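Next come the chains, spelled out residue by residue.
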Amino acid sequence: MPRPRPAARRAELEDGLSPQLLTALTAARRRALRDGDRQIDTAHLLHSLVETDPEVAAAFDSGHQLARILGYLVQRSIGYGLRWQRSVEDTGSALPVLRGTETTAAGWSPAAATALAGAFERAARRGEGRVRGLDLLAALAADPAGRAAEVLRRAGVDPVALAARIEEPSQQV
């Protein structure tokens, strides 16, 4: 069986994403390019999610938490994350990478690709055909060694508690 072309794989991947998540992923790609980073990492994903997806923003305890997260993420783009530039974010997470998808070939860090795989798994467990921003946020928070989790901790958000709160039925809108 012939291997699907990259455009076909990208279209298949995009079909499984909510419009808000697709917007966030596009913004993360632009952010990585603008910051001079080689790959989209989990902090790029977190930044784009909190800026573009109201459901993700509502997952935090307060506006104060969200403001602190955005503050750290903005600092990252103006210098805080310089130690991350030119390095690959690979946390060794146990989740499988989406091999053969656009993420593994198009400038995604292994940790970011793994988080997206986890988001697809979460959506499938819920019986959803499309992955939402909350699915990706839960996967980002579940990887304690990821850059997104580091930003959350520095902003005073417990990633484990956040992931648990997202898993609560009340968040299953």
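The structure this text deals with has already been given above.
Engineer: Any chance you could explain the overall build of the protein here in plain terms?
Structural biologist: Looking only at helices and strands, one finds ten helices and zero strands in the protein. Helices and strands appear in the protein in the N-to-C order α-α-α-α-α-α-α-α-α-α. Within the span of the protein, comprising 173 residues, buried residues form 49% of the whole. For the protein, the share of sequence-separated contacts (at least 6 apart) that also reach a separation of at least 24 residues comes to 64%. Total accessible area on the protein is roughly 8,500 Å²; 55% of this is exposed by carbon and sulfur atoms.

Engineer: Even after reading the chapter, I still don't get the nonpolar core, so can you show me in this structure?
Structural biologist: Buried together is how nonpolar side chains tend to be arranged in soluble globular proteins. Of all hydrophobic cores here, the largest spans 41 residues; its most connected members are Leu45, Leu46, Phe60, Ile69, Leu136, Leu137 and Leu162. Elements with a contribution of two residues or more to this core: helix H2 (19-35), helix H3 (42-52), helix H5 (63-77), helix H7 (110-125), helix H8 (133-142), helix H9 (147-154) and helix H10 (159-167). A total of seven residues in this core trace back to one element, the largest contributor, which is H8. Setting aside residues up to four positions removed in sequence, Leu137 forms contacts with Leu46, Leu49, Val56, Ala59, Phe60, Leu162 and Ile166.

Engineer: I'm lost on the packing of H2 against H3 in this one. Help?
Structural biologist: Relative placement of two packed helices is described by the angle separating their axes and the distance separating the axes. Closest axis-to-axis distance for the H2/H3 pair is 8 Å, and the angle between their directions is 130°. Taken together, the axes of H2 and H3 are oblique relative to one another. For H2 against H3, the interelement crossing comes out right-handed. In this structure, H2 contributes Gln20, Leu21, Thr23, Ala24, Leu25, Ala27, Ala28, Arg31, Ala32 and Asp35 to the contact, and H3 contributes His44, Leu45, His47, Ser48, Leu49, Glu51 and Thr52. For the contact of H2 with H3, the residue count by class is eight nonpolar, six polar and three charged.

What counts and what doesn't
- Each chain has its residues counted from 1, running along the sequence as written.
- Only residues with pLDDT of 70 or above have their local features reported here, since the model is predicted, and side-chain atom pairs are shown and tallied only from 80 upward, although totals for entire chains, interfaces and linings are computed over all residues.
- Computation of side-chain values: all heavy atoms of the structure, hydrogens and water removed.
- Numbered from the N terminus, helices here are DSSP runs of H or I no shorter than four residues, and strands are runs of E no shorter than two.
- The cut-offs for exposure are 20% and 50% of the maximum accessible area for each residue type, with area from a 1.4 Å probe on protein chains only; residues under the lower value are buried, those over the upper are exposed, and the others partly exposed.
- Only heavy atoms enter the contact rule, under which two residues are in contact if any of them lie within 4.5 Å.
- Using the Shrake-Rupley algorithm and a 1.4 Å probe, accessible areas are obtained, with residue cover drawn only from the displayed protein chains.
- We call a set of buried Ala, Val, Leu, Ile, Met, Phe, Trp, Tyr and Cys residues a nonpolar core when their side-chain atoms join them within 4.5 Å.
- Where helices are involved, their axes are fitted lines through C-alpha atoms of the stretch in contact, as for all axes, and angles between N-to-C directions lie from 0 to 180°.
- An angle below 35 degrees is read as roughly parallel, one above 145 as roughly antiparallel, one from 65 to 115 as roughly perpendicular, and any other as oblique.
- Crossings are assigned a handedness: left-handed for a near helix turned anticlockwise from the far helix by less than a right angle, right-handed for a clockwise turn.
- Each residue receives one of three labels: charged for Asp, Glu, Lys and Arg, nonpolar for Ala, Val, Leu, Ile, Met, Phe, Trp, Tyr, Cys and Pro, and polar for the others, Gly being one of them.

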